Amino acid sequence: MDKIEICNMALSRIGAASIETLDEPSETARKCLQFYEHDRRVVLRRFPWSWATSRVELARMTITPQDYKYAFKYPADCVYLRKLYILGEDGMLFPFPDFVEYKIFGDESGLVLYTNYPKVVAEYTADVKNVTQMDEIFCEALSWKLASSIAFKLTGNAQLAQMALSEYERMVHHAIADTENEQNVHTPTLSTFIRARF
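Anyway, here's the lowdown on the structure attached to this text. All values reported here derive from a predicted model rather than from experimental measurement.

Attention shifts here to the overall build of the protein. Scanning the protein from terminus to terminus reveals five helices and seven strands. Secondary structure elements in the protein, listed N-terminal to C-terminal, are α-α-β-β-β-β-β-β-β-α-α-α. The buried share among the 198 residues of the protein stands at 42%. Counted over contacts in the protein with a minimum sequence separation of 6, partners at least 24 positions apart contribute 71%. About 11,400 Å² of surface is accessible on the protein, with carbon and sulfur atoms providing 49% of the total.

So, on to the side chain of K145. Tracing the backbone shows K145 in helix α3 (residues 136–155). Residues within four places of K145 in sequence aside, it is in contact with D39, V42, V43 and Y168.

What follows covers the sheet that holds strand β3 (residues 78–87). Judged by pairing direction, the sheet is antiparallel, and its four strands sit side by side in the order β1-β7-β3-β4 without closing on themselves. Looking at which strands have only one partner, the edges of the open sheet turn out to be β1 (53–57) and β4 (93–95). Geometrically, the sheet is characterised by an average inter-axis angle of 40° between neighbouring strands, direction not taken into account. Pairing of β3 with β4, which is carried by three bridges, proceeds in the antiparallel orientation. In the strand pairing of β4, Y85 is matched with P95.

The next thing to look at is the environment of C32. Its place among the elements puts C32 in helix α2 (residues 27–46). Along the chain, C32 and I4 lie 28 residues apart, while their C-alpha atoms are 9.1 Å from each other. For C32, the contacting residues outside a window of four places in its chain are C7, L11, I19, L22, L146 and I150.

Across four bridges, the pairing between strand β2 (residues 70–73) and strand β6 (residues 110–115) is antiparallel. Pairing of Y70 across the sheet is with T115, part of β6. In terms of strand pairing, strand β5 (residues 102–107) meets β6 through six bridges, oriented antiparallel. From the neighbouring strand, I104 faces β6, where its bridge partner is L113.

Reading the values: rules and limits
Residues numbered from 1 in each chain as written. Predicted model: local features only at pLDDT ≥ 70, side-chain atom pairs only at ≥ 80, totals over all residues. Heavy atoms only, no water. Helix = DSSP H or I, 4+ residues; strand = E, 2+ residues; numbered from the N terminus. Buried < 20%, exposed > 50% of the residue type's maximum accessible area, 1.4 Å probe, protein only. Contact = heavy atoms within 4.5 Å. Areas by Shrake-Rupley, 256 points an atom, 1.4 Å probe, with all protein chains shown as cover. Pairing = 2+ DSSP bridges. Axes fitted to C-alpha atoms, helices over the stretch in contact; angles between N-to-C directions.

Dropping the structure here:
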């Protein structure tokens, strides 16, 4: 599976002619090129795909933010922040409790996360561009999302675009059900010692 195959899946769903490259001088190729990257990121944001999940300790910045003690560099490849963890002294990870505040701001260098805890680990959906890393359900969902974006532009048929969007939603719900069946995740609780530090 590659990018062209996903585009051709989308085109076949709306009865449009297939393409060989995104650079060819055809309206179908131009519309695929226009919407592919946007729709890929939209589908990535929609669901915590396991193959696109990254977990990294955030790099602390030297700036001192107003109203918070620490500033951290937001991951450059993050398309959606799923969870934040406190990194304990023993290396254990504890989900941010409700009483630990954080905010995300933007500056000239990009996004910055402010909080009052000195060691933070982020779990997020990464901006995966390599199609070979994507699973079949994601590729199906992306092809339907792309089909919904280009259907009216190429065919003038609004019902076809709505049908493709409905199929995209169905594929996302299918992915949610599959993930729930495949995972059994234990969430650690915050120790009394760590709670006492706030």
